[in-house]
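Chain residues, written in single-letter form:
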Amino acid sequence: MHILVINSGSSSLKYQLIDMAGDRVMASGLIERIGEDMGSITQKSNPDKWPDARSVEHRPIPDHKAAMGLMVEKLIGEEWGVIGSLTDIDAVGHRVVQGGESFSSPVLVDAAVVETIRANVPLAPLHAANLVGIEAALELFPGTPNVTVFDTEFHQTMPPKAFLYPVPMDLYEELRIRKYGFHGTSHKYVTREAAKFLGKPVDGIDLITAHLGNGCSMAAVKNGRCADTTMGLTPLAGLMMGTRSGDVDPALFPFIARHKKMSVTEVDALLNKQSGLLGVCGSSDMRDVHAAREKGNETAQLAFEMFAYRVKARIGAYLAVLGRADAVVFTAGIGENDAFVRAEACAGLEGLGIKLSPERNESREPGVRRISADDSPVAVLVVPTNEELEIAHATKALVEA
Ligand code: ADP
């Protein structure tokens, strides 16, 4: 079975074609600057055979439908292609950022599902492109099952005391203002992988999962189900991120608007795009932050400490939420690769049962690994995430059912 996983952003389209026999990535691609004067498509074909082979082409790509046509052309074509025809794609799995309260599991797309996703667009207007991608795929692959997997779905098990905001309840009833949480596909994937690694059933595992990439979020997982998470109505909430502030006093919003004479849109952009690591030290990429810190840059050092401090504080909070934990799990770009952040976030937590092994933390062994000391009551794990594979598996399961 070949499953095509699609992630469509406002001006981009990411895709992966996965051979489900062996979970092999046959091709992965990125189409960028859709709707601009000149777009580009980059595809990596047969990465297991030719790990460094990439192809890039530039041409105008007017819209998502054109982008998908181009993707198909590249997947099938002589030069970059990995399949013979469109019928070699058995199902399409779509990443959808906001499922609202309507979806707590993946679904097969039909007209009603499309309408429900459309009704949720006001909750995440920046991600309206997800729907555009689904509609383009339905046109391009009319007979093929399309499945949607939602970033919010794993977090739908949060209890009301965790997901409601202490604001007038009409706002929830009228506008569905509440905590949704994001990165759910990743938190779910690493939960299952961690349970496998620790030899426990998923529904009997308690975890604190930390997805630390450009976007960052953590989840408290009780018996394999999400009990709380750091992102909220939007991905702005919670941890400090590459360019997002994470949690700040909400009164900052009117204060900045008033004193800097900024509009709602401008303050929103300031907190989402000019804050976080970037706002504090001028670099949004943690590798650059470390490089600057090593040269003695004090704001880079501060940005690093602020980042790790917020992860640590949340580990403590979620230990209290759970009462106990089998493991703390680090994943995504920073979580998987950055021993400094992991060490700083776990430093001094021995009293809470968390004790890293410095050697294991610094080793670069691939795959799932334990980085805690043997006598650490709570295990600390690095679990590489794979959201595309999770979407492909969910798609396969639904299509086979
Ligand atoms: P996205 O949220 O865009 O998927 P990633 O999960 O790829 O992001 O994470 C990007 C972040 O991971 C960046 O801050 C980058 O600096 C960091 N990162 C990636 N590789 C490393 C590494 N080897 N060491 C430290 N940080 C890394």
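Residue indices begin from 1 for each chain and proceed along its sequence in written order. Only residues with pLDDT of at least 70 get local features here, since the model is predicted, and only at 80 or more are side-chain atom pairs given and counted; chain-wide, interface and lining totals rely on the full set of residues. Side-chain descriptors were evaluated using all non-hydrogen atoms of the structure, hydrogens and water having been removed beforehand.

A. Structural view of helix α6 (residues 184-198). Labels follow the DSSP assignment, with helices taken as runs of H or I lasting at least four residues and strands as runs of E lasting at least two, numbered in each case from the N terminus. One less than the number of residues in a helix, times 1.5 Å, gives the span that helix is expected to have. For α6, with 15 residues, the first-to-last C-alpha span of 21 Å sits near the 21 Å given by 1.5 Å per residue. Think of it in three bands: residues with accessible area under 20% of the maximum for their type are buried, residues over 50% are exposed, and the middle band is partly exposed, with areas taken using a 1.4 Å probe on protein chains only. Among the residues making up α6, those that are buried are Gly 184, Thr 185, Ser 186, His 187, Tyr 189, Val 190, Thr 191, Glu 193, Ala 194 and Ala 195. Turning to α6, the residues buried within the fold contact β8 (146-150), β9 (207-212), β10 (216-222), β12 (327-331), β14 (379-382) and α15 (387-400). One or two steps after α6, the chain reaches Gly 199, where phi turns positive at roughly 70°. In this analysis, two residues are considered to be in contact whenever any of their non-hydrogen atoms come within 4.5 Å of each other.

B. Geometry of empty space enclosed by the protein. A pocket, in this scheme, is an open set of points on a 1 Å grid over the protein atoms alone with protein on both sides within 12 Å along at least 5 of 7 lines, while a cavity is a set where a 1.4 Å probe fits but cannot get out; residues line either one if an atom lies within 4 Å of a point. Grid points are joined across faces, edges and corners, and a volume is the space filled by probe spheres set on the points. In this structure the tally under the stated criterion is three cavities of 30 Å³ or more. In this structure, the largest cavity occupies an estimated 70 Å³ of space. Going through the elements one at a time, α2 (111-120) and α3 (129-140) are the ones with two or more residues in the lining of the largest cavity. Under the convention adopted here, Pro, Cys and the residues Ala, Val, Leu, Ile, Met, Phe, Trp and Tyr are nonpolar, Asp, Glu, Lys and Arg are charged, and Gly plus all remaining residues are polar. A breakdown of the residues in the lining of the largest cavity according to their chemical character gives seven nonpolar, four polar and no charged. Size it by volume and the second largest cavity reaches roughly 40 Å³. The set of elements that each furnish at least two residues to the lining of the second largest cavity consists of β8, α6 and α15. Among the elements that take part in the lining of the second largest cavity, α6 stands out by supplying three residues, more than any other. In terms of residue class, the lining of the second largest cavity is made up of five nonpolar, two polar and three charged.

C. Broad picture of the pattern of salt bridges. Should a side-chain nitrogen of Lys or Arg be within 4 Å of a carboxyl oxygen of Asp or Glu, the pair is scored as a salt bridge. Tallied over the full model, the rule gives 23 salt bridges. Its salt-bridge partner being Arg 24, residue Asp 19 comes within 3.9 Å of it at the nearest N-O pair. Its relative accessible area of 14% is what places Asp 19 among the buried residues. Here the residues in one salt-bridge network are Lys 200, Asp 206, Lys 222, Arg 324 and Asp 326, joined through shared partners.

D. The sheet that holds β12, seen in detail. Any two strands are treated as partners once DSSP identifies two or more bridges connecting them. Read across the open sheet, the six strands follow the order β11-β10-β9-β12-β14-β13; overall the sheet is mixed. Since the sheet does not close on itself, it has two edges, and those belong to β11 (225-229) and β13 (369-370), each with one partner. Relative to β11, β10 is paired through four bridges, and the arrangement is antiparallel. By the bridge assignment for β11, Val 221 is matched with Cys 226. Sitting on the sheet, helix α13 (residues 339-346) touches β9, β12, β13 and β14, and the angle it makes with β12 is about 150°. To define axes, lines are fitted to C-alpha atoms, for helices over the stretch in contact only, and angles between the resulting N-to-C directions are given on a 0 to 180 degree scale.

E. Broad picture of the pairing of strand β6 (residues 91-96). Of all six residues that make up β6, five are buried, and the element is covered over most of its length. Judged from the four bridges that link them, strand β1 (residues 2-8) and β6 form a sheet pairing that is parallel. Counterpart to Ile 3 in the pairing with β6 is Ala 91. One ladder, built from five bridges, connects β6 with β8; its direction is parallel. Paired with Val 96 across the strands is Phe 150, a residue of β8.

F. How the structure looks around the side chain of Ser 357. One can find Ser 357 in the loop between α13 and α14 (358-362). Accessibility expressed as a relative area gives 8% for Ser 357, which makes it buried. If near-sequence neighbours (up to four positions away) are discounted, Ser 357 is found in contact with Ile 371, Ser 372 and Ala 373.

G. Focus on the packing of aromatic side chains. By convention, a stacked pair of Phe, Tyr or Trp rings (six-membered ring in the case of Trp) has centres within 6.5 Å and planes under 30 degrees apart, an edge-to-face pair has planes over 60 apart, and any other such pair is tilted. On inspection of all chains with the given rule, the structure shows two aromatic pairs. Taken together, a centroid distance of 4.2 Å and an interplanar angle of 5° make the contact between Phe 103 and Phe 150 stacked. With Phe 103 in the loop between β6 and β7 (107-108) and Phe 150 in strand β8, this pair connects stretches of sequence that are 47 residues apart. Overall, the relative accessible area of 6% leaves Phe 103 in the buried class. Residues Phe 163 and Tyr 172 carry aromatic rings whose centres are separated by 6.2 Å and whose planes lie at 50° to one another, so their mutual orientation is tilted. For Tyr 172, a relative accessible area of 15% translates into the label buried. Whether a charge lies above a ring is judged from NZ of Lys or CZ of Arg, which has to be within 6 Å of the ring centre and within 35 degrees of the ring normal. Cation over ring: Arg 293 sits above Phe 304, and NZ or CZ is 3.9 Å from the ring centre. Over the ring of Phe 340 we find Arg 293, and its NZ or CZ is 5.1 Å from the ring centre.

H. Structural context of the side chain of Asp 228. Along the chain, Asp 228 turns up in strand β11. Within the local environment of Asp 228, its side chain forms a polar contact with the side chain of Lys 179, the two groups lying 2.8 Å apart. Not counting the four nearest positions on each side in its chain, Asp 228 is found in contact with Met 158, Ala 162, Lys 179, Met 218, Ala 219, Ala 220 and Tyr 318. Polar contact is defined as a pair of N or O atoms within 3.5 Å, subject to the rule that within protein one atom must be able to donate a hydrogen and the other to accept it, and that residues adjacent in sequence are counted only when both atoms are side-chain atoms.

I. Representation of the nonpolar core in the model. Buried residues of nine kinds, namely Ala, Val, Leu, Ile, Met, Phe, Trp, Tyr and Cys, make up a nonpolar core once their side-chain atoms join them within 4.5 Å. Counting residues in hydrophobic clusters, the biggest one holds 43 residues, and the most contacted among them are Leu 212, Phe 307, Val 311, Phe 330 and Ile 354. Listed by contribution, the elements that provide at least two residues to this core are β9, β10, α9 (276-281), α10 (286-294), α11 (298-322), β12, α13 and β14. Considering every element that reaches this core, the biggest residue donor is α11, with nine residues. Contacts of Ile 354, omitting those with residues within four sequence positions, involve Ile 315, Leu 319, Val 328, Cys 346, Leu 349, Ser 376, Val 378 and Val 380. Ranked by size, the runner-up nonpolar core spans 30 residues in total, among them Tyr 172, Val 190, Ala 195 and Ala 392.

J. Examining the site of the ligand more closely. Nearness of a residue to a molecule or strand requires only that one of the residue's heavy atoms be within 4 Å of it. Around the ligand, the neighbouring residues are Gly 213, Asn 214, Gly 215, Asp 285, Met 286, Arg 287, Ala 332, Gly 333, Ile 334, Asn 337 and Asp 338. Between the ligand and the protein, one listed contact pairs an oxygen atom with a backbone N or O atom of Arg 287 at 3.2 Å. One of the backbone nitrogen or oxygen atoms of Gly 333 is found 2.9 Å away from an oxygen atom of the ligand. The leading source of residues in the shell around the ligand is helix α12 (residues 332-337), at four residues.

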